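Architecture and fold: a report
Take a look at the letters that make up each chain.
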Amino acid sequence: MGNEIIDGLIKALQLILSGDPTVMEITGRSILVSSSATMLSVLWGLPAATILGLKRFRGRFLLKGFFNAMLGIPTVALGLVLYLFFSKAGPIGFLHLLYSPSAMIIGQAILITPITVSFIASAIESVDPEIKDLAKTLGASETEASIAVLKESMNGVVLAITASFNRAIAELGVVLMVGGNIAGLTSVLTTTIALETTKGNIELSIALAIILLLIVSVLSISINLIQRRKT
Amino acid sequence: MRKTYLVWVALLVLAVIGSVAGTMYYLGASTKNRLLISTTTSLYDTGLLDTIETEFETKYSIDLNFISVGTGIAIQHAQRGDADLILVHSPTDELKFLTEGTGVNRKIIAYNFFAIVGPETDPAQIRGTTPFQALSKIVESGRNGTTKWVSRGDNSGTHVKEKSLWRAAGFNLTTLTKESWYINAGSGIGETLKKANYFSAYTLADVGTYLKYYKDGLISLKVLVEQEKDLLNVYSAIAVNQTLHPTVNFDGAMAFVRFLISDEGQQIIEQYGKDDYGQSLFYPAVRLLKENTEPTIAQWIKEYAFFNDIECPPEYRKGYPELYN
């Protein structure tokens, strides 16, 4: 049995190094889907987090609590809800999104929005509030002052985006349920690893798992290095 | 200052929307003429459908998208309008699916046999018995604690077959499934075979998938009870009714059904696995039924999978009369 693991590793490395088209295609799709999802979540998450981090308004704690509670939302639960929405019999079935990459992008974007919002909001809150006041004293408008704070919390923002992307690319439940793991259309790293393991294509599974680990760790490490150089 | 800032934000937003839309377009480009097929896991896990897809797509500009789920869920997908065609193997469920109006134009495409497989040591000593005797023996030794049974537990065609076998052998399923030796796998056929292998347990599998997994060295279970009339397994294709779900790709579905039952499609089914596994994993059913080439099996199929002596009664047909000549 130990041989199986070593043989699998060797064959997996061969698959990766030879640039096997299936491996490349699935990896490419995973990166495209999850980075699009991350962009979407930043698009609506960054303004929301800035307001949440800077403004003081009624219900702010409730809203923050909500995003914090949703941080660990089970992917299959969200996948199920989205499936029911995207299904032809569901409320937005007419959009024909089920079993398409678009559905996967939207699903992952919703999944990681709490991470984007919560982490960015915390980063903003941890910035010294005097910076905003200082900026205002120097004649900055409200928006300009907010930008100044956002700049100060840039490290935290980058970290939030990285964490969001990592959660997206590593999750299985949402992409499996709304994507359907269709070969050549909606199969991504996680869904293919799950399917190919049951089909007995262990080498392919190992190859894809290595790639997934590489993506996640290389991204985190390089962001870490860049941030260290800055400070 | 404020204006330039707004311009930057607007540009950023546009860039994000543009790139997301671009990605969606790029990724979704192949969804144009696609045919969504929810299929029983055995046809997919064995790799048969991949082979058929390659041949089909060289001739038609239709993109086949398979979702491998098991008969019960495949039918649910179709009822929700989330599939254009289903490939299934559970005649009783198929009849319900036709009568409630969602399914039309059923065609039997292939058959093989189920088998009771288990560890070589055969602790329940079922080798060479009839399916019903075998099940009784498995229950007996399961209750003694000497063996286990792994059930699909997912309302798939194989699971429905398994339940009907237990009932026919005189067992009450509600009590049986609660006993500790009865393992509910809740997974597709490939995964279930591997679980049974891991637990050295017995299970019901179609011979095609079993052979592939056995010859590929993924399992060491042996076929212990097989090739009986009671273990017949018949696969059919059913299109989703366009009147009920106007958005389904009905013409695409029928093009694929016609390909499956054509000489070429049937040839692929017959050849699949011969080189790698020494025998066909699935047998073509069209000629056999039409020309009665193997009267015994044809008779079994008719008794098991025909409705009112016909594979698809006229009231459940929509166009394409040549399918039933």
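Quick summary incoming for the structure in this document. Every value quoted in this text rests on a predicted model; they were computed, and no experiment measured them.

1. Describing the overall build of chain A
Looking only at helices and strands, chain A has 11 helices and zero strands in total. For chain A, the N- to C-terminal ordering of α and β elements is α-α-α-α-α-α-α-α-α-α-α. Each principal axis of the C-alpha distribution contributes one length, and for chain A these read about 65 × 50 × 25 Å. Contacts in chain A between residues far apart in sequence, at least 24 positions, make up 75% of those at least 6 positions apart. With an accessible surface of roughly 11100 Å², chain A has 71% of that area assigned to carbon and sulfur atoms. When the 16 basic and 14 acidic side-chain charges of chain A are each reduced to a single mean position, those positions are 7 Å apart.

2. Side note on the nonpolar core
The nonpolar side chains of a soluble globular protein tend to be buried with one another. Residues and elements named next belong to chain B. Counting 110 residues, the largest nonpolar core has Ile 52, Leu 85, Leu 87, Tyr 111, Leu 193, Phe 256 and Ile 301 as its most contacted members. Counting residues per element, this core draws most heavily on helix α11 (residues 250-261), which supplies nine residues. Residues lining this core come from more than one domain, with at least three contributed by each of domain 1 (32-112 + 232-324) and domain 2 (114-231). What Leu 87 contacts, discounting residues up to four positions off in sequence, is Ile 37, Ser 38, Thr 39, Thr 40, Leu 43, Leu 49, Ile 109, Ser 236, Ala 237 and Leu 260. Counting 22 residues, the second largest nonpolar core, distinct from the first, contains Trp 149, Trp 166, Val 225 and Leu 231.

3. A look at the interface of chain B and chain A
The interface of chain B with chain A comprises 33 residues on the first partner and 34 residues on the second. Counting each side, the surface lost to burial between chain B and chain A is near 2900 Å², with a carbon and sulfur contribution of 62%. The tally of links between chain B and chain A comes to one salt bridge. Residue Asp 50 of chain B pairs with Lys 199 of chain A through a salt bridge whose shortest N-O separation is 4.0 Å. The interface formed by chain B and chain A holds 11 residue pairs in polar contact (both at pLDDT 80 or more) in total. Elements that contribute at least two residues to the side of chain B that touches chain A include exactly α1 (2-28), β1 (34-39), α2 (41-45), β2 (63-68) and α9 (189-198) of chain B. Broken down by element, the side of chain B that touches chain A gets its largest block of residues, 12 residues, from α1 of chain B. Tallied by class, residues from the side of chain B that touches chain A come to 15 nonpolar, 10 polar and eight charged.

Conventions and cut-offs
Residues numbered from 1 in each chain as written. Chains lettered and ligands numbered in written order. Predicted model: local features only at pLDDT ≥ 70, side-chain atom pairs only at ≥ 80, totals over all residues. Heavy atoms only, no water. Helix = DSSP H or I, 4+ residues; strand = E, 2+ residues; numbered from the N terminus. Contact = heavy atoms within 4.5 Å. Areas by Shrake-Rupley, 256 points an atom, 1.4 Å probe, with all protein chains shown as cover. Lys, Arg positive; Asp, Glu negative; His and termini not counted. Charge placed at Lys NZ, Arg CZ, Asp CG, Glu CD. Core = buried A, V, L, I, M, F, W, Y, C linked by side-chain atoms within 4.5 Å. Buried < 20%, exposed > 50% of the residue type's maximum accessible area, 1.4 Å probe, protein only. Domains from an automatic or database assignment. Buried area = accessible area lost by both parts, 1.4 Å probe. Salt bridge = Lys/Arg side-chain N within 4 Å of Asp/Glu carboxyl O. Polar contact = N/O pair within 3.5 Å; in protein donor to acceptor, adjacent residues only side chain to side chain. Nonpolar A, V, L, I, M, F, W, Y, C, P; charged D, E, K, R; others polar.

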